[in-house]
Amino acid sequence: MKKEARYLVPNDYMADPSVHVFNGRLYIYPSHDWESGVPENDNGDHFNMKDYHVFSTDDVMNGEIVDHGVVLKVEDIPWAGRQLWDCDVAYKDGKYYMYFPMKDRNDIFRLGVAISDKPEGPFIPQPDPMWGSYSIDPAVFKDDDGSQYIYFGGIWGGQLQRYRDNKAIEQPCLPANDEPALPGRVVKLRDDMMQFAEEPRAVIILDKEGKPLTAGDPHRFFEASWMHKYNGKYYLSYSTGDTHFLCYATGDNPYGPFTYQGVILTPVVGWTTHHAIVEFKGKWYLFHHDCVPSNGKTWLRSLKVVELEYDSEGNIITIDGGGE
Ligand code: FUB
């Protein structure tokens, strides 16, 4: 289905939106793309982001989008190497916690935490990354009982193929096309929100026959996890990376397993696809990005929003991304 969409920040390149409603207002936490001159490769070196902005609004499709400015930057993070990719923010007991992936000085992606008293930041980084953290794309989900979980992980440039059972392995290893796909990860956060409360678990996505999606399946997990709840069901959504879809799978608890359901967004203009799904003032929205304004430059992406709809059975109605 083709639907009316809005570019949210027409004067700058912003990507990878995480979106939450705090104190009745909608806050957007994107990555900040820029022309760094680093050549494009499968490792994602061209995504050489160095700071984050926060945006907020009280009217998604028509209202003013307030830019709260730079809220965290690479040079303020004590363990910094390079590349601030997709972040997310969670709230607990009067504080806002930003979770962000960045390569350390050994060029290994870790997840960091930065703290603020306000949803719009600025965020003060902790001296070290979270213990036992690895890979990219943290997305925080708060369940109805107050427990908070981080979904994370991404293959290729996201480095997930370098880990097994949460330990680094000597040789990176991607499964063959007929083997189960590499799963994303989910982990409960400790009560103080600063560390994992347990070992991260694999997020398994099954087909309708109960078999794990294979590495050769065009709808398998690649990166950009997001979790939301609709009518009591857990909806895991994610990007399929090199096949350029946003897909979803449903389950009955935050750990899964999840059963594959379908495509949310068909390919956009641009290589990556990334998103957040949020309810605000009684409507559901898909926030994502594409490269139309930069004429297809993969590393210069623009934030977009479109209304999301479900049918009477709770299936998400597929949106036309306008690419390919
Ligand atoms: O922005 C860098 C990476 O591109 C993100 O971490 C991925 O999800 C993809 O959007």
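My aim in this report is to walk through the structure given alongside it, one point at a time. Since the structure is predicted, the reported quantities are computational estimates derived from the model, not experimental observations. (Residues numbered from 1 in each chain as written. Predicted model: local features only at pLDDT ≥ 70, side-chain atom pairs only at ≥ 80, totals over all residues. Heavy atoms only, no water.)

Taken together, Asp16, Phe47, Met49, Trp85, Ile136, Asp137, Glu223, Ala224, Thr272, His274, His289 and Arg301 make up the full set of residues adjacent to the ligand. Separating an oxygen atom of the ligand from a side-chain N or O atom of histidine 274 is a distance of 2.7 Å. For the ligand, the protein covers 99% of the area, taking 280 Å² as the surface of the free molecule. Here the residues of the shell around the ligand are counted per class, giving five nonpolar, three polar and four charged. (Near = heavy atom within 4 Å. Polar contact = N/O pair within 3.5 Å; in protein donor to acceptor, adjacent residues only side chain to side chain. Areas by Shrake-Rupley, 256 points an atom, 1.4 Å probe, with all protein chains shown as cover. Nonpolar A, V, L, I, M, F, W, Y, C, P; charged D, E, K, R; others polar.)

A full pass over the atoms with the stated rule returns 22 aromatic pairs. Arranged with centres 5.5 Å apart and planes meeting at 90°, the rings of tyrosine 149 and tyrosine 255 form a pair that is edge-to-face. Of this pair, tyrosine 149 sits in strand 11 (residues 148-152) while tyrosine 255 sits in the loop between strand 19 (246-251) and strand 20 (258-265); the two residues are 106 residues apart in sequence, bridging distant segments of the chain. Residue classification places tyrosine 255 among the buried residues on the basis of a relative accessible area of 17%. These aromatic residues form a ring-pair network of at least three members: Tyr230, Tyr235, Tyr248, Trp284 and Tyr310. Across the ring face of tryptophan 34, the terminal group of lysine 50 is positioned such that the distance to the ring centre comes to 4.1 Å. (Phe/Tyr/Trp six-rings, centres within 6.5 Å; stacked < 30°, edge-to-face > 60°. Helix = DSSP H or I, 4+ residues; strand = E, 2+ residues; numbered from the N terminus. Buried < 20%, exposed > 50% of the residue type's maximum accessible area, 1.4 Å probe, protein only. Lys NZ or Arg CZ within 6 Å of the ring centre and 35° of its normal.)

Moving on, we get to the nonpolar core. Formed by 41 residues in total, the largest nonpolar core has its most connected members in Tyr99, Met130, Ile150, Tyr151, Ile205, Leu236 and Tyr238. Breaking this core down by element, the ones donating at least two residues are strand 7 (95-103), strand 8 (109-116), strand 10 (139-142), strand 11, strand 14 (184-188), strand 18 (233-239), strand 19 and strand 20. The element that contributes the greatest number of residues to this core is strand 11, accounting for four residues. Look past the residues within four positions of isoleucine 205 in its chain and what remains in contact with it is Lys211, Pro212, Leu213, Phe221, Leu236, Tyr238, Ala249, Phe258 and Tyr260. Counting 33 residues, the second-largest nonpolar core is a separate cluster that includes Val19, Phe55, Ile65 and Leu246. (Core = buried A, V, L, I, M, F, W, Y, C linked by side-chain atoms within 4.5 Å. Contact = heavy atoms within 4.5 Å.)

Moving on, we get to unusual backbone geometry. A negative phi holds for most residues other than glycine; trans holds for most peptide bonds. Cis geometry is adopted by the peptide bond preceding proline 122, which originates at glycine 121 and carries an omega value of 5°. You can see proline 122 is positioned in the loop between strand 8 and strand 9 (124-125). Geometrically, the link from glycine 256 to proline 257 is a cis peptide bond, its omega value of 5° lying close to zero. Within the secondary structure layout, proline 257 lies in the loop between strand 19 and strand 20. One non-glycine residue with positive phi stands out, namely tryptophan 156, at about 60°. With respect to the helices and strands, tryptophan 156 occurs in the loop between strand 11 and strand 12 (163-164). Take tryptophan 156: its relative accessible area is 26%, and that puts it in the partly exposed class. Positive phi is not limited to glycine here, since asparagine 231 has a value of about 50°. Structurally, asparagine 231 can be placed in the loop between strand 17 (223-230) and strand 18. Classification of asparagine 231 by relative accessible area gives exposed; the value is 70%.

Take the sheet that holds strand 21 (residues 275-280) next. What the four strands build is an open sheet, ordered 1-23-22-21; its pairing is antiparallel. A strand with exactly one partner marks an edge of an open sheet, and here the two such strands are strand 1 (5-7) and strand 21. Each neighbouring strand pair of the sheet contributes to a mean axis angle of 25°, computed without reference to strand direction. With six bridges joining them, strand 21 and strand 22 (residues 283-290) adopt antiparallel strand pairing. Within strand 22, the position partnered with phenylalanine 280 by the bridge is lysine 283. (Pairing = 2+ DSSP bridges. Axes fitted to C-alpha atoms, helices over the stretch in contact; angles between N-to-C directions.)

Okay, the sheet that holds strand 9 next. Spatial strand order, 6-7-8-9: four strands in an open sheet with antiparallel pairing. Taken across any chain shown, the strands that pair with only one partner, and hence form the sheet edges, are strand 6 (88-92) and strand 9. Looking at chain direction, strand 7 and strand 8 are connected through eight bridges and run antiparallel. Counted as the bridge partner of lysine 103 is phenylalanine 109 from strand 8.

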